Amino acid sequence: MLVSSCWARISSRTCFWAELIRYAHGRAAARTLSIIKPDATRRDLTGQINARFEAAGLRIVAQRRLQLTRPQAEAFYAVHKERPFYRSLCEFMTSGPVVVQVLEGENAIAKNREVMGATDPAKADPGTIRKDFAESIEANSAHGSDAPETAAYEIPFFFAEVDIVG
């Protein structure tokens, strides 16, 4: 069963051998995509933000600093294309460098979202990334996958399995 499920995932850029090794070592940890947004990279907050993820037990298993192009931002946020904020979100996400990364750990998606805090920094809990660093709802310093299905789309948008080193 493990082999058949891994083979089925090869088409989605997941490496069979990496999956087999993770299962053999008993470490089928969850993964999520994290993006440190332009407002945070502009203020050199990458280290402080990553320290919070690591303190919460999340490991950074892939990371890349890049400048999103407009077509990349539009493709990544295509799910929001009909929403009123889509255009300004794409403009903002291309306004400066971002740090895209894969976080791994037990309940990685939920833990990442807990560390980030509510999308609206005014509603975020004290001590969360968005409460402490966000400038606005849009410039809220961090993005994180909101569900396993979202992470399954978002991670390979930026990383091949060979780029993810756990």
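Everything numeric in this text was worked out from a predicted model, so none of it was measured.

A.B. asks: For the overall build of the chain, give the residues involved together with the corresponding values.
C.D. replies: Tallying secondary structure elements over the chain gives 9 helices and 4 strands in all. Reading the helices (α) and strands (β) of the chain from amino to carboxyl end gives α-α-β-α-α-β-α-α-β-α-α-β-α. Sorting the 166 residues of the chain into buried and exposed places 43% on the buried side. Taking as baseline every contact in the chain between residues at least 6 positions apart, the subset at least 24 positions apart corresponds to 74%. Summing over all exposed atoms, the chain offers an accessible surface of approximately 8,700 Å²; the carbon and sulfur share of this is 56%.

A.B. asks: Outline the nonpolar core, supporting the account with residue identities and numerical values.
C.D. replies: Ranked by internal contacts, the top residues of the largest apolar core, which has 24 residues, are Ile35, Met93, Phe158 and Phe159. Elements with a minimum of two residues in this core: strand E1 (30-36), strand E2 (59-66), helix H5 (70-76), helix H6 (86-93), strand E3 (98-105) and helix H9 (148-158). If you tally residues by element for this core, the top one is H6, at 5 residues. For Ile35, the residues in contact, after removing those within four places along its chain, are Phe76, Tyr77, Met93, Val98, Val99, Val100, Ser141, Ala142, His143 and Phe158. Counting 14 residues, the second-largest nonpolar core is a separate cluster that includes Ala40, Ile49, Met116 and Phe133.

A.B. asks: An account of the side chain of Thr32 is needed here, citing residue identities and associated values.
C.D. replies: With respect to the element layout, Thr32 can be found in strand E1. Here the side chain of Thr32 touches Ser145 through a polar contact of 3.5 Å, side chain to side chain.

A.B. asks: Describe in detail the confidence of the model for the chain, supporting the description with residues and values.
C.D. replies: On average, residues of the chain score 88 in pLDDT, and 83% of them reach the 70 mark or higher. Counting interchain partners and residues more than four positions distant, the pLDDT-below-50 stretch residues 1-27 has 27 contacts.

A.B. asks: Provide a residue-level description of the packing of aromatic side chains, including the pertinent values.
C.D. replies: If you walk through the whole model with that rule in mind, you get 5 aromatic pairs. Here the aromatic rings of Phe76 and Phe157 are separated by 5.2 Å at their centres, their planes lie at 65 degrees, and the arrangement is edge-to-face. In this pair, Phe76 sits in helix H5 while Phe157 sits in helix H9, placing the two residues 81 residues apart along the sequence. The buried category is assigned to Phe76, whose relative accessible area is 4%. On the basis of relative accessible area, Phe157 is assigned to the partly exposed category, the value being 27%.

Rules and cut-offs
Every chain is numbered independently, its residues counted from 1 as its sequence is written. Two thresholds apply to this predicted model, a pLDDT of at least 70 for residue-level local features and 80 or more for giving and counting side-chain atom pairs, whereas whole-chain, interface and lining totals are computed over all residues. Side-chain metrics rest on all non-hydrogen atoms present in the structure, leaving aside hydrogens and water. Strands here are runs of E lasting at least two residues and helices are runs of H or I lasting at least four, both read from the DSSP assignment and numbered beginning at the N terminus. Think of it in three bands: residues with accessible area under 20% of the maximum for their type are buried, residues over 50% are exposed, and the middle band is partly exposed, with areas taken using a 1.4 Å probe on protein chains only. In this description, contact between two residues means that some pair of their heavy atoms is separated by no more than 4.5 Å. Accessibility throughout is a Shrake-Rupley quantity obtained with a 1.4 Å probe, and a residue counts as covered only by protein chains that appear here. To qualify as a nonpolar core, a set must consist of buried Ala, Val, Leu, Ile, Met, Phe, Trp, Tyr and Cys residues joined through side-chain atoms within 4.5 Å. Within 3.5 Å is the distance limit for a polar contact, defined as a pair of N or O atoms, with the added protein rule that one can donate a hydrogen and the other accept it, and that residues adjacent in sequence qualify only through two side-chain atoms. Residue-level confidence of the predictor is summarised by pLDDT, bounded by 0 at the bottom and 100 at the top. Between the rings of Phe, Tyr and Trp (Trp by its six-membered ring), a pair exists once the centres lie within 6.5 Å; its type follows the angle of the planes, with under 30 degrees stacked, over 60 edge-to-face, and the other angles tilted.

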